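Listed here are the chains, written in short residue letters.
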Amino acid sequence: MVDILHKVGITSSTAEVYTALTTVEGLAGWWTTNTGGVGDGLGGVLQFRFAAGGFDMKVLELDPGRRVLWEVVDGPDEWIGTQVDWRLAQVDDYAVVLFSHRGWKEPVDFMHHCSTKWAVYLLSLKSLIETGKGAPHPHDVKIDSWD
């Protein structure tokens, strides 16, 4: 198994980041404008849609201001069963986000694409919280023909 790992510091509180990770409005502000479902309750399912397809994530763990954990329950084969983990910590003026997308079976080309796109979206999350404006799909940075 292989994992995608990223770290970003956001000038804010962990509570603000947590809200952007657990509400449909927050998620639509930095990841994809076509977001639905329920992200603020255990067992809730979030739906994320993009031009090329989408993903459904089941909420497995919520620890306000500290952690959000999802499992992919629908989407591309490579994503099914993987987990998206957001660990948050307050360090001075920064909410530090340790992000992992764990459980990939192998480092296929699609994983490389997704790793870069996760970085793009983490910077969109940072921008949303620090400036009030993110760059969710379809307004995100395009990196290759899969966008």
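As shown above, the structure is provided for reference.
Residues numbered from 1 in each chain as written. Predicted model: local features only at pLDDT ≥ 70, side-chain atom pairs only at ≥ 80, totals over all residues. Heavy atoms only, no water.

Undergrad: I'd like to hear about the sheet that holds strand β6 (residues 83–91), residue by residue, with values.
TA: Within the open sheet, the seven strands sit side by side as β1-β7-β6-β5-β4-β3-β2. Their pairing is antiparallel. The open sheet has two edge strands with one neighbour each: β1 (2–11) and β2 (34–37). Looking at each pair of strands side by side, their axes are set apart by 20 degrees on average, direction ignored. Where β1 meets strand β7 (residues 94–104), nine bridges bridge the pair, whose relative direction is antiparallel. For Ile-10, the partnering residue across the bridge sits in β7 and is Ala-95. Where helix α3 (residues 109–131) meets the sheet, its contacts fall on β1, β3 (45–50), β6 and β7, and the angle it forms with β1 comes to roughly 15 degrees. (Pairing = 2+ DSSP bridges. Helix = DSSP H or I, 4+ residues; strand = E, 2+ residues; numbered from the N terminus. Axes fitted to C-alpha atoms, helices over the stretch in contact; angles between N-to-C directions. Contact = heavy atoms within 4.5 Å.)

Undergrad: With reference to specific residues and values, describe the layout of surface pockets.
TA: In this structure, the largest pocket spans a volume of roughly 340 Å³. The wall of the largest pocket is formed by 19 residues, among which Phe-50, Ala-52, Phe-55, Phe-110 and His-113 lie closest to the centre. Put simply, the parts of the chain that give the lining of the largest pocket at least two residues each are β4 (53–63) and α3. Among the elements that make up the lining of the largest pocket, the one with the highest residue count is α3 (six residues). Of the residues belonging to the lining of the largest pocket, the class tally is 12 nonpolar, four polar and three charged. (1 Å grid on protein atoms, 1.4 Å probe; cavity = no way out; pocket = protein on both sides within 12 Å on 5 of 7 lines; lining within 4 Å. Points joined across faces, edges and corners; volume = space filled by probe spheres on them. Nonpolar A, V, L, I, M, F, W, Y, C, P; charged D, E, K, R; others polar.)

Undergrad: Can you lay out the side chain of His-101 for me, pointing to particular residues and giving the numbers?
TA: Structurally, His-101 is set in strand β7. Separated by 2.8 Å, the side chains of His-101 and Thr-82 make a polar contact. (Polar contact = N/O pair within 3.5 Å; in protein donor to acceptor, adjacent residues only side chain to side chain.)

Undergrad: Could you give an account of the pattern of salt bridges, with specific residues and numbers?
TA: According to the stated counting rule, one finds eight salt bridges in the structure shown. Arg-67 is the partner of Glu-61 in a salt bridge, and the nearest nitrogen-oxygen pair spans 2.8 Å. When its relative accessible area of 29% is taken as the criterion, Glu-61 is described as partly exposed. For Arg-67, a relative accessible area of 12% corresponds to the buried category. The closest approach of N and O atoms between Asp-85 and Arg-102, which form a salt bridge, is 2.7 Å. With Asp-85 in strand β6 and Arg-102 in strand β7, the pair connects residues that are 17 residues apart, well separated along the chain. (Salt bridge = Lys/Arg side-chain N within 4 Å of Asp/Glu carboxyl O. Buried < 20%, exposed > 50% of the residue type's maximum accessible area, 1.4 Å probe, protein only.)

Undergrad: Could you give an account of the nonpolar core, naming the residues involved and the relevant values?
TA: Counting residues in hydrophobic clusters, the biggest one holds 36 residues, and the most contacted among them are Trp-30, Trp-31, Trp-70, Trp-79, Trp-86 and Leu-125. Only β1, α1 (14–22), β3, β4, β5 (67–74), β6, β7 and α3 provide two or more residues apiece to this core. (Core = buried A, V, L, I, M, F, W, Y, C linked by side-chain atoms within 4.5 Å.)

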